[in-house]
Amino acid sequence: MSVSFVRGRVSMSELKTDVILKGDCIEMLRTLPDASVDMVFADPPYNLQLGGDLLRPDNSVVDAVDDDWDKFDSFAAYDAFTRDWLKECRRVLKPEGSIWVIGSYHNVFRLGTAIQDLGFWVLNDIIWRKSNPMPNFKGTRFTNAHETLIWAAKSREQKRYTFNYDALKAFNEDTQMRSDWTFALCTGEERIKDADGKKAHPTQKPEALLHRVLLAASKPGDVVLDPFFGTGTTGAAAKRLGRHFIGIERDEGYVKVAEKRIKAVIPASPEDLIVTGSKRAEPKVPFGALVEAGLLQPGDRLYCPKGEREARVRADGSLVAGTLSGSIHKMGALFENAPACNGWTYWRFKSDQGLRPIDALRAEIRAGM
């Protein structure tokens, strides 16, 4: 599963997925072809700038992030590193791709500046609220109980990007998904331990977080890039959800843990990965197509929701009622004295089951496309 590159950029035909590229993230990113991935999820070093050990009230030492990969000589050095890897991520994103970057108060503002300066277009910031945060042991600050995810399109001019709005709404019990998400930190069985029983990685993210990100902004079969792969949370979630992944990780120990973890994942069956469709993604059907298809005839009557008022269908797909005429949307608005109206859900036709919305006839047309 892991690969070490020692040559230049590969072509699209040579690109391998479901692999971990071993090496420096910027060097490995430079080996990937332009416009080759659908989504990026990046969990870069936080640059915590720790000044010494962090102690609990009983003087025990907190297992904090003190690894070499999180240490930079200055903010300038961190900013240069950030811009280098973000620039490469933007290059490898497809024209309709998007990027997710997660950070804490230590680095997220620097990340946001770099993201905007490099031409990405911020779509949302998401607050991950931790239900079990580590307390502020010294009592000198608020408990740091959240992290921030930045979701951005490749450019401001980008017209399309994947956002499974209706799937998330169904996921959230038919309520629009908000930008504040609550998940617990990795604990218990999900927390991966090394041979000594210690945390294999200090900042392992919960797979539930990646599940929601991938569900929101990718499709089955998409390629998801994670330039800071760690213990492979992105890869595990991607495999489970029928996505492909490319991970980049320089630490051999993390690579071995990630390989073992992902190998054990059982992917969901393809039929279980189908998400709730969006009407925005469905083919456009003009009202006149119903007349052309013979589902409605010129002269047929359509009715308001309560059946109290009616309008006649004309051969050109417009409606007429007395001196009023116009499209299904215009006539619905005139009937209700409203600024706008969705004619597809407003107008009814007579059927054996009583009055039914004409949207049911549109569904018949779409089913045959």
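Residues numbered from 1 in each chain as written. Predicted model: local features only at pLDDT ≥ 70, side-chain atom pairs only at ≥ 80, totals over all residues. Heavy atoms only, no water.

### Quick look at the pattern of salt bridges
This is how the line gets drawn: Think of a salt bridge as a Lys or Arg side-chain nitrogen and an Asp or Glu carboxyl oxygen that are within 4 Å of each other. Only DSSP runs of H or I with at least four residues qualify as helices, and only runs of E with at least two residues qualify as strands; both kinds are numbered from the N terminus onward. Only protein chains enter the area calculation, which uses a 1.4 Å probe; residues under 20% of their type maximum are buried, those over 50% are exposed, and those in between are partly exposed.
All chains considered together, the criterion is met by 15 salt bridges. Its salt-bridge partner being Asp38, residue Lys94 comes within 3.2 Å of it at the nearest N-O pair. Placement of Lys94 in strand β4 (residues 93-103) and of Asp38 in strand β3 (residues 37-42) is noted, with a sequence separation of 56 residues between them. On the basis of relative accessibility, which here comes to 27%, the residue Lys94 falls in the partly exposed class. For the salt bridge of Lys130 with Glu147, the shortest nitrogen-to-oxygen distance reads 2.8 Å. Here the residue Lys130 occupies a position in strand β5 (residues 121-130), and Glu147 occupies one in strand β6 (residues 146-153), the gap between them amounting to 17 residues. Given a relative accessible area of 11%, Lys130 falls into the buried group. What emerges from the salt-bridge pattern is a single network uniting Arg9, Asp34, Glu88 and Arg91.

### Description of the packing of aromatic side chains
As a reminder, the rule being used: To pair, rings of Phe, Tyr and Trp, with the six-membered ring standing in for Trp, must have centres within 6.5 Å; the planes then decide the type, stacked if under 30 degrees apart, edge-to-face if over 60, and tilted in the middle. Lysine and arginine charges are scored as sitting over a ring when NZ or CZ, respectively, is within 6 Å of the ring centre and within 35 degrees of the ring normal.
Applying the stated rule across the entire model yields 14 aromatic pairs. On the basis of an interplanar angle of 85° and a centroid distance of 5.0 Å, the ring pair of Phe72 and Tyr78 is categorised as edge-to-face. Under the relative-accessibility criterion, Phe72 is labelled partly exposed at 22%. Note on Tyr78: relative accessible area 1%, which makes it buried. Through successive ring pairs, a cluster of aromatic residues spans Trp100, Trp151, Tyr161, Phe163, Tyr165, Trp181 and Phe183. Geometry around Trp344 places Arg362 over its ring, the cationic atom sitting 4.3 Å from the centre.

### Examining helix α9 (residues 328-336)
Quick note on the threshold: Contacts were defined at the residue level, with two residues in contact if any of their heavy atoms lie within 4.5 Å.
Those residues of α9 that sit buried are Ile328, Met331, Gly332, Ala333 and Phe335. Lining the buried residues of α9 we find β11 (310-313), β12 (319-321), β13 (324-326) and α10 (343-346).

### Let's talk about the environment of Thr113
Along the polypeptide, Thr113 turns up in helix α3 (residues 108-117). A relative accessible area of 40% means that Thr113 is categorised as partly exposed. With 202 residues separating them in the primary sequence, Thr113 and Ala315 have C-alpha atoms 56 Å apart.

### Details of the packing of helix α5 (residues 207-217) against helix α6 (residues 233-240)
Just so we agree on the cut-off: Axis definition: a line fit to C-alpha positions, over the contact stretch in the case of helices; interaxial angles, taken between N-to-C directions, run 0 to 180 degrees. Convention used here: angles under 35 degrees read as roughly parallel, angles over 145 as roughly antiparallel, angles from 65 to 115 as roughly perpendicular, and any remaining angle as oblique. Whether a crossing is left-handed or right-handed is set by the direction in which the near helix is turned from the far one by less than a right angle, anticlockwise for left-handed and clockwise for right-handed. Just so you know the grouping, Ala, Val, Leu, Ile, Met, Phe, Trp, Tyr, Cys and Pro go in nonpolar, Asp, Glu, Lys and Arg go in charged, and all remaining residues, Gly too, go in polar.
With their axes 9 Å apart at the nearest point, α5 and α6 run at an angle of 55° to one another. Put simply, α5 runs oblique to α6. Where α5 crosses over α6, the handedness of that crossing is right-handed. Contacts from Glu207, Leu210, His211 and Leu214 of α5 reach α6 at Thr233, Thr234, Ala236, Ala237, Ala238 and Arg240. Here the contact of α5 with α6 is composed, by residue class, of 5 nonpolar, 3 polar and 2 charged.

### Some thoughts on α3
Rule in force here: The arc refers to the directions leading from the helix axis to the C-beta atoms.
Residues of α3 that are buried: Val108, Leu111, Gly112, Ala114 and Ile115. For α3, the angular spread of the buried residues around the axis is 165°, confining them to a single face. Residues Phe109, Gln116 and Asp117 are exposed on α3 and point more than 90 degrees away from its buried face. Buried residues along α3 sit in contact with α2 (75-92), β4, β5 and β6. Just past α3, the residue Gly119 takes up positive phi, approximately 105°.

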